[in-house]
Amino acid sequence: MPFENLPPSDFRDASNARLWGLPDGFLFGVSTAAYQVEGAANEDGRGPSSWDAFSHEAGRILDGSNGDVATDHYHRYPQDIALMKQLGVDAYRFSFSWSRIQPTGDGATNAAGLDFYDRLVDGLLEAGIAPSPTLFHWDTPLPLEERGGWLNRDTADRFADYAGIVAEHFADRVKRWITINEPVVLTMLGYGAGIQAPGLQLGFGAFPAAHHLLLGHGKAVTALRAAGATNIGIANNHAPTWPASNNPEDLQAAGLYDNLANWLFSDPILLGRYPEVMEPLLPEGFADDLAKISVPIDWYGVNYYNPVKVAAPSEEAGALIDGHELDSSLPFSLVDIEGYPRTDFDWPVVPEAFTALLVDFKERYGERLPPIYITENGCAINDGPDASGRVADTRRIDYTAAHLAAVGDAVAAGVDVRGYFHWSLLDNFEWAVGYSQRFGLVYVDYETQERIPKDSFHWYRDVIAALRTA
Ligand code: FCB
């Protein structure tokens, strides 16, 4: 199915954004993450992180690249702020690099690291853009990783200390906070499958990392509040899980996957308990931590990209993750989703699953569900500049329009969604696949670091403007 068939096609006309049903005051933003954009890996006292070590290991990153320079946001942030001002976004979601602020993950803070974020935060405020930082987007300080990283319970305490340091420094100016990005991906791909840093292949032995990330989240919420921070959430990835068929083996495998990929990471926060089937895999004494994990948050962040189709385990090769096959001893297998458009990363484009996911959240959590922000959504579309220098990424426009309309449908069904952060402002270092996949509204020439706003950039600006004047 071609992108043009995404419903309805008149969405390319930004003035039609009013028809999507997004509520008044809906917040528009863009997202990035430190290791993916900053570069300056060895400058101004920054310590190494798990991602520096991993990306420098031979064979780990598809194109042999790393984040040493990335998009040089560390030096070019004034230009990037100017681009965001042009877009008219309300907020910028970026992440603090823990090892820039606390080079070894505990102990002394690095004044030069805080200075960089002072310049960034102050520049954003001057441009009328609300800084909306994530404390941790996967880049664990290397000395902590070497002590077991998130498999080690102590990392949750180190993280809470770091959260306190950052909040003491920034709570006067930062009015929206995100603790952790996608603990599910770090657990499953980082500690379980070895596709991302730290590259361990523990399979179900990765569960302690999930628990300690959630504990770190809860402790960070408490530390942030103690230092005067308000308006705190988490950014959790959610992949609606479709069983491959109605046969009992597929249904069972899909049920397990759904608990593992989705509810394992939201139930403890929103309900104060784990899905029962997950309990045997958790570290001893986990129940004693649930009160800390479920400390109330002000809003819940959903990152959505695509649904996943799951079948009973199979010897046959199924869907790949970042070009890697999953371990065939797992109690499920992933199956390609057919009949939908695909991004250049080969991810299926299914906006209606986004609506269904948000409605599921309302049904599952009811009164316990705080307002939702979409903290990430976007697509890899690798179009580059044509002879005239224009980047005509029409498929990104179609993707984004269809997903914003899908959010509008969820709002119409009674889900309280307050805002949307597009992933990403810039093309950047896409983890295990390096610079091969481009998610930006702005094209980056990695040789010259030139930024070229794509057609989707101009379209997003027009959408925001149309809704402001509606
Ligand atoms: C999410 C990550 C983000 C980016 C997008 C494409 O899982 O949080 O950093 O890589 O995927």
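Structure shown above.
One structure accompanies this document, and this report is about it. (Residues numbered from 1 in each chain as written. Predicted model: local features only at pLDDT ≥ 70, side-chain atom pairs only at ≥ 80, totals over all residues. Heavy atoms only, no water.)

### What to know about the overall build of the protein chain
- Per the secondary structure count, the protein chain includes 14 helices and 14 strands.
- Relative to a compact globule of 470 residues, whose C-alpha radius of gyration would be 23 Å, the protein chain shows 21 Å and is just as compact.
- Its C-alpha atoms give the protein chain principal-axis dimensions of roughly 60 × 60 × 45 Å.
- Evaluated residue by residue, the protein chain yields a buried proportion of 61% over its 470 residues.
- Of all intrachain contacts in the protein chain linking residues separated by at least 6 positions in sequence, the fraction that spans at least 24 positions is 78%.
- Here the protein chain contributes 33 positively and 65 negatively charged side chains, and the mean placements of these two sets differ by 6 Å. (Helix = DSSP H or I, 4+ residues; strand = E, 2+ residues; numbered from the N terminus. Rg over C-alpha atoms; globule rule 2.2 N^0.38 Å. Buried < 20%, exposed > 50% of the residue type's maximum accessible area, 1.4 Å probe, protein only. Contact = heavy atoms within 4.5 Å. Lys, Arg positive; Asp, Glu negative; His and termini not counted. Charge placed at Lys NZ, Arg CZ, Asp CG, Glu CD.)

### Some remarks on the site of the ligand
- Around the ligand, the surrounding shell consists of Gln 36, His 137, Trp 138, Asn 181, Glu 182, Tyr 305, Glu 376, Trp 423, Glu 430, Trp 431 and Phe 439.
- Separating an oxygen atom of the ligand from a side-chain N or O atom of Asn 181 is a distance of 2.9 Å.
- Trp 431 is positioned such that a nitrogen or oxygen atom in its side chain is 2.9 Å from an oxygen atom of the ligand.
- With the chains in place, 95% of the 300 Å² that the ligand exposes on its own is no longer accessible. (Near = heavy atom within 4 Å. Polar contact = N/O pair within 3.5 Å; in protein donor to acceptor, adjacent residues only side chain to side chain. Areas by Shrake-Rupley, 256 points an atom, 1.4 Å probe, with all protein chains shown as cover.)

### Quick look at helix H8 (residues 183-192)
- Of all the 10 residues making up H8, 9 are buried; the element is thus mostly covered by neighbouring parts of the structure.
- If you check which residues of H8 are buried, you get Pro 183, Val 184, Val 185, Leu 186, Thr 187, Leu 189, Gly 190, Tyr 191 and Gly 192.
- Against the buried residues of H8 lie strand S4 (134-136), helix H6 (142-146), strand S5 (177-181), helix H9 (207-226), strand S6 (232-237) and helix H10 (248-270).
- One or two residues past the end of H8 sits Gly 194, with phi positive at roughly 75 degrees.

### Points about the environment of Ala 406
- Turning to its location among the elements, Ala 406 is positioned in helix H13 (residues 394-412).
- Ala 406 sits 51 residues away from Thr 355 along the chain, and the two C-alpha atoms are 5.2 Å apart.
- Once residues within four sequence positions are removed from consideration, Ala 406 is found in contact with Pro 351, Phe 354 and Thr 355.

### Quick look at the sheet that holds strand S7 (residues 241-243)
- Taken in spatial order, the 3 strands of this open sheet run S7-S9-S10, and their pairing is mixed. The open sheet has two edge strands with one neighbour each: S7 and strand S10 (333-335). Sheet twist, expressed as the mean angle between neighbouring strand axes with direction ignored, is 45 degrees.
- When strand S9 (residues 308-311) meets S10, the two strands line up antiparallel, connected through 3 bridges. The partner of Lys 309 across the bridge, within S10, is Val 335. (Pairing = 2+ DSSP bridges. Axes fitted to C-alpha atoms, helices over the stretch in contact; angles between N-to-C directions.)

### Brief notes about the pairing of strand S12 (residues 417-423)
- With 6 of its 7 residues buried, S12 lies for the most part within the structure.
- Relative to S12, strand S1 (residues 27-31) runs parallel, the two sharing 5 bridges. Residue pairing for S12: Leu 27 is matched across the bridge by Gly 419.
- One ladder, built from 3 bridges, connects strand S11 (residues 372-376) with S12; its direction is parallel.

### Let's talk about the packing of aromatic side chains
- One pass over the structure, following the stated rule, counts 45 aromatic pairs.
- Ring geometry for Phe 94 versus Tyr 117: centroids 6.4 Å apart, planes at 10 degrees, classification stacked. In this pair, Phe 94 is assigned in the loop between strand S2 (91-93) and helix H4 (98-101) and Tyr 117 in helix H5 (residues 111-126), connecting sequence segments 23 residues apart. In terms of burial, Phe 94 and Tyr 117 fall into one category: buried.
- Through a chain of ring-to-ring contacts, three or more aromatic side chains come together here, namely Tyr 74, Tyr 77, Tyr 92, Phe 94, Phe 96, Phe 116, Tyr 117, Phe 170 and Trp 177.
- The residue whose ring lies beneath Arg 100 is Phe 116, and the NZ or CZ to ring-centre distance is 5.9 Å. (Phe/Tyr/Trp six-rings, centres within 6.5 Å; stacked < 30°, edge-to-face > 60°. Lys NZ or Arg CZ within 6 Å of the ring centre and 35° of its normal.)

### Structural notes on the pattern of salt bridges
- A complete count under the given rule lists 27 salt bridges for this structure.
- Between Arg 153 and Asp 289 there is a salt bridge; the shortest N-O distance is 2.8 Å. Linking Arg 153 in the loop between H6 and helix H7 (154-170) with Asp 289 in the loop between H10 and helix H11 (290-293), this pair joins segments that are 136 residues apart in sequence.
- A relative accessible area of 3% places Asp 289 in the buried class.
- Between Arg 158 and Asp 154 there is a salt bridge; the shortest N-O distance is 2.7 Å. Note that Arg 158 and Asp 154 are positioned in helix H7 at a spacing of 4 residues, about one turn of the helix.
- Take Arg 158: its relative accessible area is 18%, and that puts it in the buried class. (Salt bridge = Lys/Arg side-chain N within 4 Å of Asp/Glu carboxyl O.)

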